[in-house]
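# Understanding the architecture of this molecule
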Amino acid sequence: MIEYNKFQLANGLTVIHHKDDSTPIVAFNILYDVGAKDEDPDKTGFAHLFEHLMFGGSSNIENFDTPLQMAGGQSNAFTSNDITNYYSTLPKDNLETAFWLDSDRLNQLAFTPKSLEVQRSVVIEEFKQRYLNQPYGDVWLLLRPLAYKVHPYQWATIGKEIKHIEDATMDDVKAFFYKHYGPQNAILCVAGDIEVEEVKLLSEKWFGSIDTREKYVRKLEEEPIQNEYRELTVERDVPNDALYMAFHMPERRSKDYYVADLISDVLSRGQSARLYKEYVMENPKFNDIHAYVSGSMEKGLFVFSGNPAENVSLQEAQDLIWKSIERITSELVSERELEKVKNKVESSNVFGEMSVLNKAMSLSFYELLGDASMINEEVDKYLSITQKDVQRVAKFMFRKENCSVLNYKAKQK
Amino acid sequence: MDFSRANAPAIKTISKVNFPAPKTYHLDNGIEVNTFNLGSQEAVQIELVFSVSRNEGKNPLVAKAVNEIIGEASSTKGPGVLNEAIDFHGAFLESTYSIDHSSVSLFTLTKKIDDVLPLFQEVVLDAVFPKREVDIYLTNAKQKFIVNQEKVDTLVRRLYSQHLYGDHYYAGRTELNHYDEVSSEDLSEFYSKYYTASNCKIIVSGKFDDSLIEALNKSIGKMPIGIKSDLNHPVSRSDNGKYFHEKKGAIQSGIRVGKILDVKYGSDEYFKLKILNTVLGGYFGSRLMSNIREDKGYTYGIGSNISFMKNACTFNIATEVGADVTKETLKEIYLEIGKLSDEKISEDELSVVKNYLLGSILKASDGAFSLAQQFKGVSFLGENLTFFQRYINVIGSVTSDELQQIAKTYLNNATMLEAVAGNG
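The numbers attached to residues start from 1 for each chain and follow its sequence in the written order. Both sets of labels track the order of writing: A upward for chains, 1 upward for ligands. Owing to the predicted nature of the model, reporting of local features is limited to residues with pLDDT of at least 70; listing and counting of side-chain atom pairs is limited to 80 or more, with chain, interface and lining totals taken over all residues. Where side-chain values are given, they derive from all heavy atoms of the structure, hydrogens and water being excluded.

## Quick word on the overall build of chain A
When helices and strands are tallied, chain A shows 15 helices and eleven strands. Here the radius of gyration uses the C-alpha set of atoms, whereas the globule reference equals 2.2 Å times the residue count to the power 0.38. Here the C-alpha radius of gyration of chain A, 23 Å, is about what a compact globule of 413 residues would show, namely 22 Å. The principal-axis extents of the C-alpha atoms in chain A amount to approximately 65 × 45 × 35 Å. The buried label applies to any residue whose accessible area, calculated with a 1.4 Å probe on protein chains only, is under 20% of its type's maximum; exposed applies above 50%, and partly exposed to all values in between. The proportion of buried residues among the 413 residues of chain A is 62%. Two residues form a contact once any of their heavy atoms are found within 4.5 Å. The long-range share in chain A, meaning contacts at least 24 apart out of those at least 6 apart in sequence, stands at 81%. Areas reported here follow the Shrake-Rupley algorithm with a probe of radius 1.4 Å; residue values treat only the protein chains shown as occluding. Of the accessible surface of chain A, which amounts to about 15,800 Å², a share of 47% is contributed by carbon and sulfur atoms. In this tally, Asp and Glu contribute negative charge and Lys and Arg positive charge; neither His nor the terminal groups of the chain are included. Lysine's charge is taken at NZ, arginine's at CZ, aspartate's at CG and glutamate's at CD. For chain A, the distance from the average position of its 48 positive side-chain charges to the average position of its 65 negative side-chain charges is 4 Å. Strands here are runs of E lasting at least two residues and helices are runs of H or I lasting at least four, both read from the DSSP assignment and numbered beginning at the N terminus.

## Digging into the interface of chain B and chain A
Residue-level contacts link 69 residues of chain B with 70 residues of chain A. As a working definition, buried area equals the accessible area (1.4 Å probe) given up by two parts on being put together, with both sides summed. Carbon and sulfur atoms supply 57% of the area buried between chain B and chain A, which totals about 6,100 Å² over both sides. By salt bridge we mean one thing: a side-chain nitrogen of Lys or Arg within 4 Å of a carboxyl oxygen of Asp or Glu. Taken together, the connections running from chain B to chain A amount to five salt bridges. We note a salt bridge from Asp93(A) to Lys12(B), for which the minimum N-O separation is 3.9 Å. Any N or O atom pair separated by 3.5 Å or less is treated as a polar contact, with the protein-specific requirement of one donor-capable and one acceptor-capable atom, and with residues adjacent in sequence counted only for side-chain atom pairs. Our enumeration of links across chain B and chain A arrives at 30 residue pairs in polar contact (both at pLDDT 80 or more). Mapped onto the side of chain B that touches chain A, the elements with two or more residues apiece are strand 3 (43-51), helix 2 (81-88), strand 5 (101-109), helix 4 (131-148), helix 10 (287-295), strand 9 (299-308), strand 10 (313-322) and helix 12 (347-364) of chain B.

## Details of the domain arrangement of chain B
All names here are of chain B. Note that the domain bounds were set by an automatic or database domain assignment. In terms of domains, chain B is made up of domain 1 (23-222) and domain 2 (242-422). With centres defined by C-alpha atoms, the gap from domain 1 to domain 2 works out at 30 Å. Taken together, the contact between domain 1 and domain 2 spans 32 residues of the former and 37 residues of the latter. Together, the buried faces of domain 1 and domain 2 total about 2,800 Å²; carbon and sulfur atoms form 72% of this surface.

## Topic: the sheet that holds strand 2 (residues 32-37) of chain B
Whether parallel or antiparallel, the strands of a sheet pair through hydrogen bonds between backbone atoms. The rule for pairing is simple: two strands pair if DSSP sees at least two bridges between them. With mixed pairing, the six strands of this open sheet are ordered in space as 1-2-6-3-5-4 (chain B). For this open sheet the edge positions go to strand 1 (23-26) and strand 4 (92-97) of chain B, each flanked by a neighbour on one side alone. Taken pair by pair, the neighbouring strands of this sheet meet at an average axis angle of 20 degrees, ignoring direction. In the sheet, strand 2 of chain B pairs with strand 6 (residues 200-206) of chain B via six bridges, with the strands oriented parallel. Each residue of the ladder has a partner; that of Glu32(B), found in strand 6 of chain B, is Lys201(B). Across the sheet, helix 12 (residues 335-352) of chain A lies against strand 3, strand 4 and strand 5 of chain B, angled at about 105 degrees from strand 5 of chain B, the strand it touches most. Only the stretch in contact is used when a helix axis is fitted, and all axes are lines through C-alpha atoms; the angle between N-to-C directions ranges over 0 to 180 degrees.

## Comments concerning the sheet that holds strand 1 (residues 5-8) of chain A
All names here are of chain A. Overall, mixed pairing links the six strands, which are arranged 1-2-6-3-5-4 in an open sheet. Of all the strands in the sheet, just strand 1 and strand 4 (74-79) have a single pairing partner and so form its edges. On average, each strand axis in the sheet is tilted by 15 degrees relative to the strand beside it, whichever way the strands run.

## A short note on the pattern of salt bridges
On inspection of all chains with the given rule, the structure shows 59 salt bridges over all chains. Here Asp401(B) makes a salt bridge to Lys344(B), at a shortest N to O gap of 3.5 Å. Here Asp401(B) is found in helix 15 (residues 400-410), whereas its partner Lys344(B) is found in the loop between helix 11 (326-342) and helix 12, with 57 residues between them in sequence. Given the relative accessible area of 46%, Asp401(B) is considered partly exposed. Because the salt bridges share partners, they merge into one network encompassing Lys19(A), Lys92(A), Asp193(A) and Glu195(A).

## Notes on the packing of aromatic side chains
In this scheme Phe, Tyr and Trp rings, the latter by its six-membered ring, pair at centre separations within 6.5 Å, and the angle between planes marks the pair as stacked below 30 degrees, edge-to-face above 60, and tilted otherwise. For the structure shown, the criterion picks out 52 aromatic pairs over all chains. With centroids separated by 5.7 Å and ring planes inclined at 70 degrees, the aromatic side chains of Phe351(A) and Phe92(B) adopt a geometry described as edge-to-face. With Phe351(A) in helix 12 and Phe92(B) in strand 4, the pair connects residues from two separate chains. Taking 5.8 Å as the distance between ring centres and 55 degrees as the angle between the ring planes, the aromatic pair formed by Tyr270(B) and Phe271(B) counts as tilted. A network of ring pairs unites the aromatic residues Tyr32(A), Phe46(A), Phe50(A), Phe55(A), Phe64(A), Tyr86(A), Phe111(A), Phe176(A), Phe177(A), Tyr178(A) and Tyr181(A) as a single cluster.

## Examining the confidence of the model for chain B
pLDDT runs from 0 to 100 and stands for how confident the predictor is about each residue. Predicted confidence across chain B gives a mean pLDDT of 95, with 100% of residues reaching 70 or more. Across the predicted assembly, pTM comes out at 0.95 and ipTM at 0.93.

## Observations concerning the packing of helix 9 (residues 268-281) of chain B against helix 12 of chain B
Residues and elements named next belong to chain B. Running from N to C, helix 9 and helix 12 cross one another at 110 degrees; their axes reach a closest spacing of 10 Å. Taken as axis vectors, helix 9 and helix 12 run roughly perpendicular relative to one another. Seen along the crossing, helix 9 lies across helix 12 with a hand that is right-handed. Counted together, Ile275, Thr278 and Val279 of helix 9 and Glu349, Val353, Tyr356 and Leu357 of helix 12 form the full contact between these two elements. These descriptions rest on fixed angle ranges, namely under 35 degrees for roughly parallel, over 145 for roughly antiparallel, 65 to 115 for roughly perpendicular, and the rest for oblique. Left-handed is the label given to a crossing in which the near helix is rotated counterclockwise from the far helix by less than a right angle, and right-handed is the label when the rotation is clockwise.

## Comments concerning the nonpolar core
As used in this record, nonpolar core signifies buried Ala, Val, Leu, Ile, Met, Phe, Trp, Tyr and Cys residues forming a set joined through side-chain atoms within 4.5 Å. Judged by nonpolar contacts, the single largest core of 86 residues is most densely connected at Met245(A), Phe247(A), Ile263(A), Phe302(A), Phe304(A), Phe398(A) and Tyr408(A). Broken down by element, the residue count for this core peaks at nine residues, all from helix 13 (residues 356-369) of chain A. If we skip the residues at most four places from it in the chain, Phe304(A) touches Leu243(A), Tyr244(A), Met245(A), Phe247(A), Leu267(A), Leu275(A), His290(A), Ala291(A), Ile321(A), Ile325(A) and Phe398(A). Counting 73 residues, the second largest nonpolar core, distinct from the first, contains Val17(B), Val279(B), Ala368(B) and Met416(B).

If you want it as C-alpha cells, here you go:
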C-alpha cells in the first residue's frame, strides 16, 4: 500500500507527495499531458523534439542540467504517444533546486535558435541510430500506419520521417509550448524522505505564481473498429525473416485491458510461457517469439512478434500463431497457469515499488489515468480475473478482421 | 513574493555517505556469504557469483552458454520444469555474464523463499545440459549473433577489443563457427569444474529472516569444492593504431577510442582518473556531450568510461555518429582529450563534476539491492565498501593541477587506439 497526499494549486497544477524515509534520494517527477498523439499529422515527432528543447535553457537558467548536477542530481525524460515525462533525482537536502529548475522552464522556456538547430540534428541522429541504422529498426514505422488509419497512434513518437523534424520552426516550438505546457496540464510528484508541508510550501513558492494557460481540450478521432484483415510484406536487407501480428485491444482504463495484459503473460512471460515453451523449445519453429501489449492509454495493440526458424516460411509462422490463438480462445487457461501469471504480477509489483523514482512516476501516471489511488488497486484488478475472462477477451481480440500482419522478409542475397 | 527566479536556491555539499558494511558468514563448504538485510519491501535477491575465466572453456562461447542455459533442466527434472516451478511462485532467475565472472541470481518475494530455495538449489547444484536443448539454444544464439553483426555498434566493439587486447583472451571474440563446435559435453564439463564452491561467493540483499543463512548452508552449502579457476593473466599491451571495418550503406559510424591504463584499483591515481573521465565523458554535462552532441549535433549520445577488470583497466570512448561527420567527430574527440593535458579545468567546472559524483555515490548507496551490486563490484577486485569513502575524500581534495598531471601521465593522444565501423 502506497500512501500519498494530493493537492492542487490555484493555477491548476496537481501535486502528489509520497513519503519514503528509507532513502537519502528524493525523486521529482513532472508529467505533462501531451504526447505524439497531439501532433499535427504533417509535423510529427514534435512532442519528442520539444522534450529535447526543454533541456536547452529557460528564461533565468542558461542550461537545465548544470545547476542540477551542481546539486548532486541527475535528470532525464521520455516521450510516448500519450505523455511527456520529466524526472530528476537528487539528494533530499537539495530538493529545492529541482523546484527552481522545473518551475522556470514551465514559466518561460528560452527558445534559443541555437538549441533548436542543434536538437534537430541530435534527434535526426537518434532517428538514424534507433530506427534506420538497425536491423528491423523500422518495424514500428510500418506497423503503426497499418493498424491505425485514423487515430494519431498511426505514427511513432520519433515521427513519420526525418523531414518533419528538419522542418520544425521556432514558431512551431512556441505554439506547442503555450498550447501544451501549462500548470493545468501537469502533474508533479515528489517522493522521498520529505514532509508534505515542505512540498506544499515549495510548490506554492515556485509554481504558484505561474499563470494558468488556456486549457487544451483534446479531440481525437477514435479509430474505427477494424473489420478487414490487413497484410503488408516488405523486403529488407536483414539476415532473417520476422513476423509481426497486431490486434486492436481494450483501452487502458477498462477492466479488459488487464485481461489482455494477463493474456500476454500467459503466452509470453518467462520461459515457461506458452509461446516460448511450445515454439522455441518443444517444437522449435521460431528462434524467438513474444507477445506483448503496447500499454497505451487509448485503444492500443496486442502484438505477436517472432523470428521464424530456418526453413519455416512466414506463412507457416502465421499459421502457428493462429494455432496458439485457437488454443487460448477454445480452451480455458488452466488454473495453475492463471495463478502463475497472477503471482508474477504480485511479485513484480513489489519489486517495482523498491525505487522511489518508480513510485513517483507511477503515481503521476495513475493520476493522469484517473486517480493516483489506482496505484493501490492494480494488483487486485489482475487477481480478480477469471479463466472465462481470459477466454472472452481472447475471443474478442484475436479475430482475423482485427489483425494487421507485417511480413518482414530478408532480401535474398 | 520574496524570491527571485534568477537566484539558485542554496545547496548542501555531501561530505559523507553511509555504506553499511555487510554481515559476513561462511557455509560449510567455505563459500563466503555477505548479506545486506535492510529496507521495507518484502523481497530478496540471492546472487551466486562465480569467478570464472572464459579462457577455461573450449572457446569463448562456452562460459556464456552455460550461464544462459543453467536452470533449463536438472538430473531429475526435464526441460522447462524448474523454470515453470520458479515462475509459478512469482520468482525469477537472472543470469549475468562478464569477462571475469558468471552469476546466477534468484529474485523472490520473502514469503516465498521456502518454496523457491530448493528449486534454486537444484538449478545451481544439479544442472544438466541436454543435447537437444543445447542445440536449440545454439541455433537461436547463432541467429542473434548474425543479426548483431549487422550493427555498427557490434562491429566496432569487436574491432576495438581485438586490437586492444591482442592475443589475450579478453579479446576472445565469439566467432560464427564456435556455434557449431560447442557440444553439450563441453558445457557440462565447464559447469561441473567451475560452478563450484571454490569459485563462488554469495550476496544476499533485501528483507529476510536470519534463518535464511542456515537454509543456504543446507542447500548451497553442499556445492562441491571443485577446481579454482585461474583468473590471473595480466594484460600488458598497447596498440595505438587506427583501424576501420567497412559496413556498406551504413548511415552512421560506430566509433571507439581508448587504451589500456596501468593503474592500481582503489589508489588515489585511480580515483583521480575516474574524476578526470567524468569531466571528459562521464555525465550528461561532460565535455564530449557538450561539444559533440549539444554544440555540434553530430550524435544522439557520446560517453567515456574507465573500466576495471581482473587483468586490465581500460579507458574507452564510444559513440555512433552520422556517417558524414565521422572525421569531424574524431577530430573533436582528440581535441577534447588533448585539452585535458593542455589546460587546467576551471574551478566552476570542477565543482559541478565533484558535486555530480558525490550525488551519484549517494544514489549508489540507496537500498539493499544497489548496495549489493556496489559491494559485488568492489569486492571482486579485492576492496570493501570503505572504497567509497576514500573515493569521496579524493573528490573533496583533488585540484585542477593534479588532474592536469593525471591527464599528461595517462591520456596522451598519441597512445590512443582508434576503431571505426561504417561506410568507408
